[in-house]
Amino acid sequence: MSGTTVVRTFPVPRERLWRAWTGPEFAIWFGTEQVPVADLKQDVRTGGRWSATMHLPDGTVKHWVGEFLELDPPERLVLTLTDEPEHPGRALITVHFTESRGVTTMTMFQTGSGLSEEEYAQVNAGYQKFFDTLEKLVTG
């Protein structure tokens, strides 16, 4: 199965990263600050849904939606994601948070998008920017 994996290390406890994924701060780092916090809706429970509206600099508006499939705080999070809400296909995002001495390694896998290897490389590059913003947020 094709997909992308991003591994990043953050100098914070994993509970801090968990909150950044499952709380209002998600709007700040997801999309590198192009998602207004007021536009983020999250029902953080197994089977709960989430949505966010992303306003790109070129005027494009993306409507992100998904569902929380598994929640094992603060260790594992599984959710779906799409910017095409009218279509049933969803990417599957699995995030593991492993902490040692106050430093957390976050491993994120994305699969199920039906993307080519080139497209997944672009997705990976996008996540690197998102996670640069996440790092500033959780360490600032």
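Residues numbered from 1 in each chain as written. Predicted model: local features only at pLDDT ≥ 70, side-chain atom pairs only at ≥ 80, totals over all residues. Heavy atoms only, no water.

*Asks:* Looking at this structure, I do not really get the pairing of strand β1 (residues 3–10). What am I missing?
*Replies:* Successive side chains on a regular strand alternate, one facing one side of the sheet and the next facing the other. Judged by which residues are buried, β1 turns out to be one-sided: Thr4, Val6, Arg8 and Phe10 face inward and are buried, whereas Gly3, Thr5, Val7 and Thr9, on the alternate face, are not. Pairing geometry for β1 and strand β7 (residues 103–111), over eight bridges, is antiparallel. Across the sheet, the residue bridging to Thr4 is Gln110, located in β7. (Buried < 20%, exposed > 50% of the residue type's maximum accessible area, 1.4 Å probe, protein only. Helix = DSSP H or I, 4+ residues; strand = E, 2+ residues; numbered from the N terminus. Pairing = 2+ DSSP bridges.)

*Asks:* Would you mind going over the nonpolar core with me for this structure?
*Replies:* General note: in soluble globular proteins, nonpolar side chains tend to be found buried as a group. If you look at the biggest cluster of nonpolar residues, it comprises 32 residues, and the most contacted ones within it are Trp21, Trp29, Phe30, Met106, Phe131 and Leu134. In terms of residue count, helix α3 (residues 117–139) provides more of this core than any other element does, five residues in total. Each residue touching Trp29, except ones within four places of it in the same chain, is listed here: Ala20, Trp21, Phe130, Phe131, Thr133, Leu134 and Leu137. (Core = buried A, V, L, I, M, F, W, Y, C linked by side-chain atoms within 4.5 Å. Contact = heavy atoms within 4.5 Å.)

*Asks:* So what exactly am I meant to see when it comes to the side chain of Thr53 here?
*Replies:* On the secondary structure map, Thr53 appears in strand β3 (residues 49–55). Under the relative-accessibility criterion, Thr53 is labelled buried at 15%. Other than its neighbours up to four places away in sequence, Thr53 contacts Gln34, Val35, Pro36, Asp39, Val61, Lys62 and His63.

*Asks:* Looking at this structure, how should I read the pairing of β7?
*Replies:* Inspection of the sheet shows strand β6 (residues 91–100) paired to β7 by nine bridges, in the antiparallel sense. In the strand pairing of β7, His96 is matched with Thr107. Remark: two residues form the turn of the hairpin made by β6 and β7, two consecutive strands paired antiparallel; Arg101 in that turn has positive phi of roughly 55°.

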